Amino acid sequence: MALCRQTRVSLRLLRSHPIGIASLETGCERHVSTVTSLDSASGLTTEQKHIQEVALNFARNEMLPRMAEWDEKEIFPTDVLKRAAKLGFGAIYVKEDSGGTGLNRLDASIIFEALSQGCVSTTAYISIHNMCAWMIDQYGNEAQKKQYIPKLASMERFSSYCLTEPGAGSDAASLSTTAKRDGDHYILNGSKMFISGSGESSLYLIMCRTGGSGPKGITCVLVENGAPGLSFGKKEKKVGWNSQPTKALILEDCRVPVTNRLGEEGQGFSIAMNGLNASCSLGAAQASLELATEYVKVRKQFGKALAEFQDPQFKLAQMATGLVASRMMVRNAAMALQSGHKDAVSLCAMAKLFATQTCSKLVNTALQLHGGYGYLKDYAVQQYWRDLRVHEILEGTSEVMKIIIAKNLLHH
Amino acid sequence: MALRVLVGCKRVIDYAVRIRVKPDKTGVVTDGIKHSMNPFDEIAVEEAVRMKEKKIASEVIAVSCGPMQSQETLRTALAMGVDRGIHVDVSGKDYELLQPIHVSKILAKIAQEEKCDIILLGKQAIDDDSNQTAQMTASLLNWPQATYASKIEKTNGELQVLREIDGGLETVRVKIPAVISADLRLNEPRYATLPNIMKAKKKPIKKVTPGDLGVETDPRIEILSVEDPPERQAGIKVEDVDTLIAKLKEVGRI
């Protein structure tokens, strides 16, 4: 029991430091496995399992039945989003003092993984919204935190992250939207492309250039909907991610008070890079693997269930292996971020590179296993397949991930 | 007049799981299978928590009988707003063959020890579908019972309960203390919120054994065999109504 008390004390200390505690709860509780497996609950602490269960139930009851409708009718499900926020999903890793839920990146990863089984597109939006709330919590001053975080946590307001421009995608640091100082205002000019939540959001975190070229001249500015000079382009017609509107954002002499600057001038790029995060692929992959496994047990051809033929068996085996590996990579990266591990940047890039590609391949195979039925919109697997395709592109293309990893390799 | 409510919650195989019979036919596969709180118990917990929010109840205690894993079920109840939990530790053969009669005795004893005024249970568990525990508990305590509740209201020193019965809806009034069993339409259980899950960690769970309560859980039944229901047979087509009636009589349906 003395060990127990020690562990409890150290747990309390650790809560105030951003260190992953996943492996340390083995002191008092009955030994908790840290093994990652096909069962997404494996390797989690009891508390994380509870959190995951809530997220899975929410996904199953509130999202899964409507994901096809949201996709087909391009509905941004504000009602479901607000219900998710009521459970604490609006600002998951924002500190409790600031009005958030006070969990860590690994917890957030677990939640997004679970929710994405219900709808990848909506979960992706939730993760973007969470990212914005975190950025304000991490880099904002007290006034900004008080003004924005509570309403973001409850999703009374939605927020969007604006970095990409028509001419600056992978080369994000070359962005050309400017913010010129004019007394106690900034005047913003330029345009942003592919902004998720655009039009529905009331708060936009916009990266603009205040200084010289390159990343060091970039500043993050908070712009509220209705600001003079802010307008939007047409709603893009996308292959997937249809439950969130995507529009270009146009700034024409848009005036915002200097007090809306997040962090310091020149800090914008690192703020932007620290926000990005890859758990949504996992949920879709898990769901697709389960769907494919059920299908091959039921579908019969040539006198037998597909599950009795070696090729489908081998396909499923490959898919399962890829899923567990992806899950390990993503959770490992989350823990690295949480604990400030020196390799966190590389590990996150590796996780995104690996998990997005592997899960896309998995879902593609799941669709193939469904045969012709897989191509019908009556079956969920095609939506997972379409929704996942963009994960290898946004928040840093797979190619950019390779640049990051190589840079870290060659400069050490 | 703030009341103390005792809620029973049973850990059962999750309703969405496809059940498989064990090859040795002694039961169903439970190892590694997803378990959750019995859905009717969730409804009972929700009702108890709402009573507390309406200030009808001052304290809600959740009880679960089973092995260590039952504590997870209690944590779910705590995360929904229950104040504290009691885990009655029953495992092994005793657990496999635990019957409503044992559970009712346990609940009755706890209700007396904890001075509870209302016992709220799910109407039945989705694994055994016994639908006996609430009734037996009331009988052991000699308390009034209102089963299949779809609405509960407090009126002066009594509870007015709307019951869903075969013939329709029946309203009964029961004096407190009473036992109530929750039916499907009583309410829609809330999701535990993340902050409540974190708060639940600090809420106490007391562990006791049936022996501590003076209850014996020796098995009273023996399971001979568990089998799948017979596979659905193909039907036949008949020429006319007379043949239909004849066939139905043949198989003893009419």
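Just so you know, the residues in each chain are numbered from 1, in the order the chain's sequence is written. Chains carry letters from A onward and ligands carry numbers from 1 onward, assigned in written order. Owing to the predicted nature of the model, reporting of local features is limited to residues with pLDDT of at least 70; listing and counting of side-chain atom pairs is limited to 80 or more, with chain, interface and lining totals taken over all residues. Neither water nor hydrogens contribute to the side-chain values; these are computed over all heavy atoms in the structure.

The name an unreviewed UniProt entry gives chain B is Electron transfer flavoprotein subunit beta, with Darwinula stevensoni as the organism. We quote the UniProt Sequence similarities (unreviewed entry) comment for chain B here in full: "Belongs to the ETF beta-subunit/FixA family." UniProt positions are given in the numbering used here, feature names are shortened, and annotations may be inferred rather than shown by experiment. In UniProt, chain B has this text filed under Subcellular location (unreviewed entry): "Mitochondrion matrix".

As recorded in an unreviewed UniProt entry, chain A goes by the name Isobutyryl-CoA dehydrogenase, mitochondrial, listed as coming from Darwinula stevensoni. Under the UniProt heading Cofactor (unreviewed entry), the note attached to chain A is "FAD". Under the UniProt heading Function (unreviewed entry), the note attached to chain A is "Isobutyryl-CoA dehydrogenase which catalyzes the conversion of 2-methylpropanoyl-CoA to (2E)-2-methylpropenoyl-CoA in the valine catabolic pathway. To a lesser extent, also able to catalyze the oxidation of (2S)-2-methylbutanoyl-CoA."

Undergrad: Explain the interface of chain B and chain A to me, please; I cannot follow it from the model alone.
TA: Accessible area lost upon the coming together of the parts serves often as the stated size of an interface. Contacts are assigned to residue pairs with any non-hydrogen atoms lying within 4.5 Å of each other. Tallying the contact residues gives 17 residues for chain B and 23 residues for chain A. Two parts placed together each lose some accessible area; with a 1.4 Å probe, that loss summed over both constitutes the buried area. The contact between chain B and chain A buries some 1800 Å² in all, and 60% of this surface belongs to carbon and sulfur atoms. Sorting the residues of chain B by area buried against chain A places Tyr-191, Leu-194 and Met-198 of chain B first, and these three jointly supply 41% of that buried surface. A pair is scored as a salt bridge if a Lys or Arg side-chain nitrogen falls within 4 Å of a carboxyl oxygen belonging to Asp or Glu. Between chain B and chain A we count 3 salt bridges in total. Residue Lys-201 of chain B pairs with Glu-47 of chain A through a salt bridge whose shortest N-O separation is 3.8 Å. Here a polar contact is taken to be a pair of N or O atoms separated by no more than 3.5 Å, where protein atoms must pair a possible hydrogen donor with a possible acceptor and residues adjacent in sequence count only if both atoms sit in side chains. Linking chain B with chain A are 5 residue pairs in polar contact (both at pLDDT 80 or more), by the criterion used here. Elements that contribute at least two residues to the side of chain B that touches chain A include exactly helix H2 (70–80) and helix H6 (194–200) of chain B. Helix and strand definitions follow DSSP, with helices as H or I runs of at least four residues and strands as E runs of at least two, each counted in order from the N terminus. Counting residues per element, the side of chain B that touches chain A draws most heavily on H6 of chain B, which supplies 4 residues.

Undergrad: How should the nonpolar core be read in this particular structure?
TA: In globular proteins that are soluble, nonpolar side chains generally tend to be buried together. Throughout this description, the term nonpolar core refers to a set of buried Ala, Val, Leu, Ile, Met, Phe, Trp, Tyr and Cys residues connected via side-chain atoms within 4.5 Å. Buried means the residue's accessible area, taken with a 1.4 Å probe over protein chains only, is under 20% of the maximum for its type, while exposed means over 50%, and partly exposed covers the values in between. Counting residues in hydrophobic clusters, the biggest one holds 129 residues, and the most contacted among them are Phe-89 of chain A together with Leu-120 of chain B. No other element matches helix H6 (residues 120–139) of chain A, which puts 12 residues into this core. The residues contacting Phe-89 of chain A, other than those within four sequence positions of it, are Val-54, Ala-55, Ala-84, Ile-111, Leu-115, Ile-126, Asn-130 and Met-155 of chain A together with Leu-194 of chain B. Counting residues in hydrophobic clusters, the runner-up holds 25 residues, among them Ile-106, Cys-116, Ala-134 and Leu-141 of chain B.

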